[in-house]
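Commentary on secondary and tertiary structure
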Amino acid sequence: MNPKTKAKARNRGISSVFTAVVIAIAVAVGIAAVAITWPMIKSNFDKSSWAGSMSLYKVGFTYTKNGPYAYAQNGVSAPLNGTPGFVGYCIAYRYNATTAIYSCPSNQPTG
Amino acid sequence: MSQFLEELMTEPIGFIIAMVILIAGAIGGLYSYWTYTNHVTLQNYLWPIAEVVPLKNGTYYLGVVNTGYEPFVVKQVYLKGGSILSVDSKPLTHNQWWFTETSQLPIAVKVCSAVDPGICTVAPVHGWAMAEVGVPPDAILVVVEGNNTRGQGGQGWLLLRESGNCPWSLTWYGWAGNSISGTGNLTFLIQPVYGDVHFILNNLVGPSEASPGSVVVFKIFCTWW
C-alpha cells in the first residue's frame, strides 16, 4: 500500500473515533445538563407552590376567657395585644376594643 | 500554513488537541451552567414574607419572616418616599422574625442568602386590613356580702367561679376582671347587657349562662364546717 492510501485509511479511522467521541461527549453533556437542571426545575415548582399557599394565608380572630385571640391557618394562635405581635406568618394587634389591625401574606402589597 | 492545518487536523496530535478543546469546552460550559442553576435554585428557595401594620404614633411596624429553610439576612428596606434603609439583620432561619419601625411606609425588602451573600431577592411588603374582633360579652355584676355591697364588676367577658364554701372567693374575667373573697353570706347578681355571659359553676348552683334582659342571682350561705 502506498503512503497516500495508508494516510487516507488512517484519517478515516481517526474521523470515526472523533465522531464516536463527540457523540459520547454530547450524550454525557446532555445527561449532565438534565441532572444539573432538575434541582432548578424542582425549585421553580416549589416556589410556585409556596407562593400559592402564601396567597391564601389568613388570620382569624376569636374571643376566649383570656381575651381576644388571633389564630392563623396552621393552628398557631396568640393573644391579641395592644402592641403588634406575630401570629404564624401574620402581624396583628388590637387597635381598639372591637377592632384589630393585621397584615398577612394574603394581603395586597403596599407598593 | 494550510498544509500545517491539514496535518494538524488529520494527524493523531490534531485529534488529541480537538478532544482536549472539546472536553474543556464541555466541562467549562457545564460548570457555567451549574453555577447559574445553583444561583437560581438558591434564589428560588429564599422565601421571605414581609408584613407591615401602621402604629398609632404614625410610624410603621415592619416584620420579615423566613418561611423557608434557606437562611437569609435582611439587607435593605425600600420606603415609599424612594429612600432605601440599609439594615443588617442576623441570619433568619425557619420561622424566625426580624422587625423594625419605620417613619415611612415600607414597600419592599431585599434579603440575601446567609450561605451566599451574592444571591438576593426582593420581596413585596404586604399591607394591612382591619377586622372586627367581636364585642366581648358585657355584664353588670353586683356582689353583696351580708348587708354590704362588696364589689361591682362589668365591662368584659364574664366568667364566675366560687371556690370553697367558706371563706368563698369569686372571680370574674374580662377586660375589667377581678377577684374578691369573703367570709359572710354571699349574694351576687349578674345582669348581662351585651352577649351571653357564661358561668363556671364551681360550688355554685344556678344556670350556666344568661342573656341580656335577664338577671341571675346566686346565693351562698357561708357555713363553717
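See above for the structure.
Read on for a plain summary of the structure. (Residues numbered from 1 in each chain as written. Chains lettered and ligands numbered in written order. Predicted model: local features only at pLDDT ≥ 70, side-chain atom pairs only at ≥ 80, totals over all residues.)

Points about the overall build of chain B
Broken down by element type, chain B carries 2 helices and 17 strands. Scored against the burial criterion, the 225 residues of chain B give a buried share of 28%. Excluding contacts between residues fewer than 6 apart, the proportion of contacts in chain B whose partners are at least 24 apart in sequence is 53%. (Helix = DSSP H or I, 4+ residues; strand = E, 2+ residues; numbered from the N terminus. Buried ≥ 20, exposed ≤ 12 C-beta atoms within 10 Å, placed from the backbone. Contact = placed C-beta atoms within 7 Å.)

Observations regarding the overall build of chain A
Looking only at helices and strands, chain A has 1 helix and 6 strands in total. Relative to all contacts within chain A whose residues are 6 or more apart in sequence, the contacts with residues 24 or more apart total 24%.

Re helix α2 (residues 12-44) of chain B
Its 33 residues place the ends of α2 of chain B 47 Å apart at the C-alpha level, agreeing with the 48 Å of an ideal helix rising 1.5 Å per residue. All buried positions along α2 of chain B are accounted for by Thr-41, Leu-42 and Asn-44 of chain B. (Expected span 1.5 Å × (residues − 1).)

Quick word on the interface of chain B and chain A
Chain B puts 47 residues into the contact, and the matching count from chain A is 46 residues. Taken together, the elements giving at least two residues each to the side of chain B that touches chain A come down to α2, β1 (48-54), β2 (60-66), β6 (106-113), β7 (120-126) and β8 (129-132) of chain B. Among the elements that line the side of chain B that touches chain A, the one with the most residues is α2 of chain B, at 14 residues. Grouping the constituent residues of the side of chain B that touches chain A by class yields 36 nonpolar, 9 polar and 2 charged. In the sheet, strand β6 (residues 99-103) of chain A pairs with β8 of chain B via 4 bridges, with the strands oriented antiparallel. Looking at β8 of chain B, one finds that Thr-99 of chain A is bridged to Glu-132 of chain B. (Nonpolar A, V, L, I, M, F, W, Y, C, P; charged D, E, K, R; others polar. Pairing = 2+ DSSP bridges.)

Digging into the sheet that holds β6 of chain B
All names here are of chain B. Pairing is mixed across the open sheet formed by 7 strands, whose spatial order is β4-β3-β6-β7-β1-β2-β5. The two strands at the open ends of the sheet, each matched to only one other strand, are β4 (84-86) and β5 (97-102). Adjacent strand axes in the sheet meet at a mean angle of 25° when their direction is disregarded. Where β6 and β7 come together, 5 bridges link them in antiparallel fashion. In the sheet register, Ala-108 faces β7, and the bridge partner there is Pro-124. (Axes fitted to C-alpha atoms, helices over the stretch in contact; angles between N-to-C directions.)

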